[in-house]
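Results of the structural survey
As a plain string of letters, each chain reads:
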Amino acid sequence: MTEGAESTQSTGGPESAENGAGTAERPFPDLLSDCVHCGFCLPTCPTYVLWGEEMDSPRGRIHLMGQAEEEGAFTDASVGHFDNCLGCLACVTACPSGVAYDALIETTRARVEEEHERPRAERLIRSAIFSLFPHRRRLELMRGPLRAYQASGLAGPLRSSGVLERVSPSVAAMERMAPPIKGKVPALPERVPAVGRRRAVVGMLTGCVQGAFFPQVNTATARVLASEGCEVVVPKGQGCCGALSSHSGRAEEAARFAERTVRTFEKEGVDAVVVNSAGCGGTMKHYGRVLREAGRPDDLVRRAEALSAKVVDLSEYLVALGPRAERRPLPVKAAYHDACHLSHGQGVTAQPRELLRAIPELEVADLPNPEICCGSAGVYNLLNPEPASDLGARKADDVASTKASLLIAGNPGCSLQIAATMRERGEEIAVAHTVQVLDASIRGLPPSALV
Amino acid sequence: MRDRPIRDRSDESPDDRSTTDPAGTDRGQADRADRADRLSALVPRLKGICGDDGVITDRARRRTYESDGLTYHAEVPGVVVLPTTAEQVAEVLGLCSAEGVPFVPRGAGTGLSAGALPRTDGVLVTTSRMRRVVEVDPDNECAVVQPGVANLDITRAAAPYGYYYAPDPSSQQVCSVGGNIAENSGGAHCLKYGFTVNHVLGLQIATPQGELVRLGGKAPEAPGYDLIGAFIGSEGTLGIATEATVRLVRTPQKVTTLLAAFTGMDAGGEAVSSVVAEGVLPAAVEMMDALSIAAAEAAVACDYPEGAGAVLIVELDGPAADVDADAAMVRRLCERAGAFEIREASGAAERARIWKGRKSAFAAVGRISPAYIVQDGVVPRTALGEVLGDIARLSAESGIRVANVFHAGDGNLHPLVLFDDAEPGAGERAAEVSGAILDLCIRHGGSITGEHGVGVDKACSMPRMFTPEDLETMDLFRRAFDPAGVANPEKLLPTPRLCGEVPGVRKDVHPLVAQGRAEQF
Ligand SMILES: Cc1cc2nc3c(=O)[nH]c(=O)nc-3n(C[C@H](O)[C@H](O)[C@H](O)COP(=O)(O)OP(=O)(O)OC[C@H]3O[C@@H](n4cnc5c(N)ncnc54)[C@H](O)[C@@H]3O)c2cc1C
Ligand code: SF4
Ligand code: SF4
């Protein structure tokens, strides 16, 4: 075990190794019965922190899954509690018994979508969101919210369902918080050559939300990889990786996206597939499960597993590769926020810190309560705005307590959520992806480039 | 969830439990209907007290509360309330007393003796929304907290002042102070610092009749009967703790943790004896056997020395010079007893790594066995070796694996009896072995529980330790607090309905009552 533990430390923590290939074949009731009801997961569960009730804790949700299994049906109440789950996977990290809550909730969500009739208004919200989010082109249109509603043809149903009020603040927040884009960020070429001697050939996922709202993060990623000696392949025709769909129980849709991503990347023959968005990476490391869940044939599942084995978070990859480009001083007081799908989902906590520590004069504080989700959680903040904003407020308090002027995270959604909350209170904070900070340091930019 | 098939109480149908009154006598059909009516009549009034949001009636939701950490016992609560203030708790209890409806207190539900097992005919009063650290008072070296505050959160709140809260059950990140008080919980560091009872200065309690009463306070001593001492360990049978003033301990100047690996348990035991004999008082002395090490490795990759048949964790704290001298001594003694590797940690991170394996051991056993029973018994330290040998023999004879994790310093054993719940009869055989281990403890002059409490699980074992007179005196005491018999009934003390006709349980009135010297309600 020690050897395995050591090696998983860098590739995804003990839990992800455990919950990946190892548990994928085990039947659902078996996975359920791993829970010994010890409650160790309670204090890290954001909804338990908010509400203090059993059915909105991991242990309670697992119990509700057991009930549904026993009774062969979901009650409205239990579906509500599954919907309340942020999918942050803090419970997976906390659980000493190795309960694969990630697999459990994914299966449960898929079953809910299949078997449970949701009220009309809810159905509308969901289909509205999912006709937008996994599609980069439509998202790009959203960058002017009004224009987006009209262009996507959603304005009608959205408005009549009363969803607009719920969607628009978040969209407005996104637009407001997205770092200013001077003109259009030039699209990445399909191949970015390595600077100096080539050390590796890596594929890069551009992602849907990342690509549409944060193209500059992708640009920085490619630049940093190239400076470290990687030839970066950015396959055209890649789309959404399927993470958002998979996290929301849209198993078939997720499988379609996953299949496409597998096909796109496997023919590039790259050494690794580097991902800079925590949520995407977490799902891509479990593509086998995503396809198996949707009933895809074994050979496809195996191909997906082979690709998953190559998927790494950017920070993981850079640490394993070792630095080559010189880091220049960046005198900034920053705080690092652990994105759930990086820390809990992939066990990546040390690497981003190591990368940041290597930047001269950059001061990086940890947040209090680092294990608690900020409430952003993919599309959660659109579907459950209330708990999302309560959690955002808590996180904003923690960030403010560090007195940092720059918030760094490995997932743009988190920074967005936190910064928007802080701005509402009149506390400004600049945000950046880990790779943007690295990029600034390698290029020798002044602190003003970030804060 | 594992053990439910053994004794399923999860059914909401009027089972045997729900047909009996709190005192444990069967009154039949009419009474049962009456009870259900009374409970549903209570709901609007409970909502009036705790708010709509603080009362759970939906069945699926209630069911998530059906058991604590000991899932062997399960029963769906009739209604669950989530009060947010002491006043709400008191009002709820007053209502229960007045209406003759039983209530069960619940904290985080990590108990291992089914003390928080709900009642279908009763109200489950959960403190999980009372999670505020009211005050940290470093000048008086204490903190005031609500009952639902997690044990570790006291230390988190006190740390900036250079203090911490000493009792440290393995479940410390989740278990509530209220639960700790009710169970008189301890942890690895009890050897030097004592149990919860040594760390509570004051309590506010809601009595079963709905009064709010303050016992003790910030002052270190209070005159009169030690009612705090009586309340601690009462397992929810004397009311609900609604606030606690707990002692804070200064963070020691130095902490050194040693991990010594031995090839077998005997050598480890010898090391413990010699440490104690030399007069060293470590903060903690913990031992794990090969099976529990394997479980911890699988769960948290704690990276203990390979090939260890036993590991001993010895933690020393205090002034740096003392700690260094003691550490050198402990090292020597461990080497002499045959330790093949000794690691030393003084940094917080390294120390946490050593402890991680030990602290996750119970829950981690889930990795090596589909189901298990955590036993909790105490033996005099001198009998440790012998009892461990007997346990090994029991295990070999029955073919049931037993993993041992224990507080070696104070003789508190936690044998983990492993079985496969899918195998017919395995649960019963495991329960037998687990019971036999308790007998062993008693036979060696020990106790049937060190820190997990009696609850439902061991209520029927109480007569093994106490005479009928003892038990009845305890019952008298309990009734003084709870004349209506509504506070966590059928926990802690055996009742004929719960345990059958246990030989030796007296059924006639207590001699003191007979003589008119005491009152039985
Ligand atoms: C993995 C694991 C490891 C553990 N390790 C240890 C250990 O090292 N040492 C140890 O001592 N215990 C240990 N325990 C047992 C358990 O954590 C303790 O008994 C703990 O004190 C229970 O707290 P709780 O909040 O979960 O209480 P619950 O389980 O909810 O309740 C326990 C009892 O307390 C009563 N109660 C709860 N709150 C109140 C209140 N406010 N007022 C009055 N009565 C109340 C309940 O009615 C019940 O009888 C462990 C448990 C687990 C699952
Ligand atoms: S995934 Fe997050 S929100 Fe969901 S149960 Fe686990 S800890 Fe709670
Ligand atoms: S999910 Fe894990 S941590 Fe949570 S109650 Fe179950 S076994 Fe314990």
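Residues numbered from 1 in each chain as written. Chains lettered and ligands numbered in written order. Predicted model: local features only at pLDDT ≥ 70, side-chain atom pairs only at ≥ 80, totals over all residues. Heavy atoms only, no water.

Digging into the state of the cysteines
Residues and elements named next belong to chain B. What counts here: Disulfide: a pair of cysteine sulfur atoms within 2.5 Å of each other. Strands are runs of DSSP state E lasting at least two residues, helices are runs of H or I lasting at least four, and both sets are numbered from the N terminus onward. Exposed residues in this analysis have more than 50% of their type's maximum accessible area, buried residues have under 20%, and partly exposed residues fall in between, with area computed by a 1.4 Å probe over protein chains only.
By the definition in use, this model includes 1 disulfide over all chains. For Cys 460, the disulfide goes to Cys 499, at an S-S distance of 2.1 Å. Between Cys 460 and Cys 499 the disulfide shows an S-S torsion of about -85 degrees. By sign, it is left-handed. With a gap of 39 residues between them, Cys 460 in the loop between helix H14 (426-443) and helix H15 (462-465) and Cys 499 in helix H17 (residues 496-499) connect regions that are remote in the sequence. Since its relative accessible area comes to 31%, Cys 460 is described here as partly exposed. A relative accessible area of 18% means that Cys 499 is categorised as buried. Free cysteine: Cys 334, not disulfide-bonded; nearest cysteine sulfur from Cys 302 at 18 Å. Considering cysteine sulfurs only, Cys 190 is the nearest to Cys 441, which forms no disulfide, with 17 Å between them. Looking at Cys 441, the relative accessible area reads 1%, which means it is buried.

Comments concerning the nonpolar core
The following threshold applies: Working definition of a nonpolar core: buried Ala, Val, Leu, Ile, Met, Phe, Trp, Tyr and Cys residues. They are joined through side-chain atoms within 4.5 Å. Whether two residues are in contact is decided by their heavy atoms, any of which lying within 4.5 Å being enough.
Counting residues in hydrophobic clusters, the biggest one holds 69 residues, and the most contacted among them are Met65(A), Tyr101(A), Leu104(A), Met288(B), Tyr304(B), Val311(B) and Leu416(B). Every residue in contact with Tyr304(B), bar those within four places of it in the chain, is listed here: Leu259(B), Met288(B), Ile293(B), Glu297(B), Val311(B), Ile313(B), Arg343(B), Arg353(B), Ile354(B), Gly357(B) and Arg358(B). Core analysis: the second largest hydrophobic core is formed by 58 residues, Val202(A), Ala272(A), Leu355(A) and Ala430(A) among them.

Brief notes about the interface of chain A and chain B
The line we're drawing: Summed over both partners, the accessible surface that disappears when two parts come together, traced with a 1.4 Å probe, is what is meant by buried area. Between Lys or Arg on one side and Asp or Glu on the other, a salt bridge is scored when a side-chain nitrogen of the former is within 4 Å of a carboxyl oxygen of the latter. Here a polar contact means two N or O atoms within 3.5 Å. Within protein one must be a hydrogen donor candidate and the other an acceptor candidate, and residues neighboring in sequence count only if both atoms are side-chain atoms.
Taken together, the contacts link 37 residues of chain A with 41 residues of chain B. Summing the contributions of chain A and of chain B, the shared interface buries around 3,100 Å²; its carbon and sulfur component is 53%. Together, His37(A), Phe40(A) and His63(A) form the three largest contributors to the area buried by chain A at its contact with chain B, with a combined 18%. Put simply, chain A and chain B have 5 salt bridges between them. Here Glu71(A) makes a salt bridge to Arg59(B), at a shortest N to O gap of 3.9 Å. One can count 17 residue pairs in polar contact (both at pLDDT 80 or more) joining chain A with chain B. Residue assignment for the side of chain A that touches chain B shows that the elements contributing at least two residues are helix H1 (2-11), helix H4 (46-51), helix H5 (58-71) and helix H6 (76-84) of chain A. Counting residues per element, the side of chain A that touches chain B draws most heavily on H5(A), at 8 residues.

What about the pattern of salt bridges?
All names here are of chain B. Scanning all chains against the criterion turns up 54 salt bridges over all chains. When the shortest N-O distance is used, the salt bridge between Arg 156 and Asp 153 registers 2.7 Å. On the criterion of helical spacing, the pair formed by Arg 156 and Asp 153 is a turn pair, its members being 3 residues apart in helix H4 (residues 151-158). With a shortest N-O distance of 2.5 Å, Arg 393 and Asp 390 are connected by a salt bridge. Taken as a pair, Arg 393 and Asp 390 lie in helix H13 (residues 384-398) at a separation of 3 residues, close to a single helical turn.

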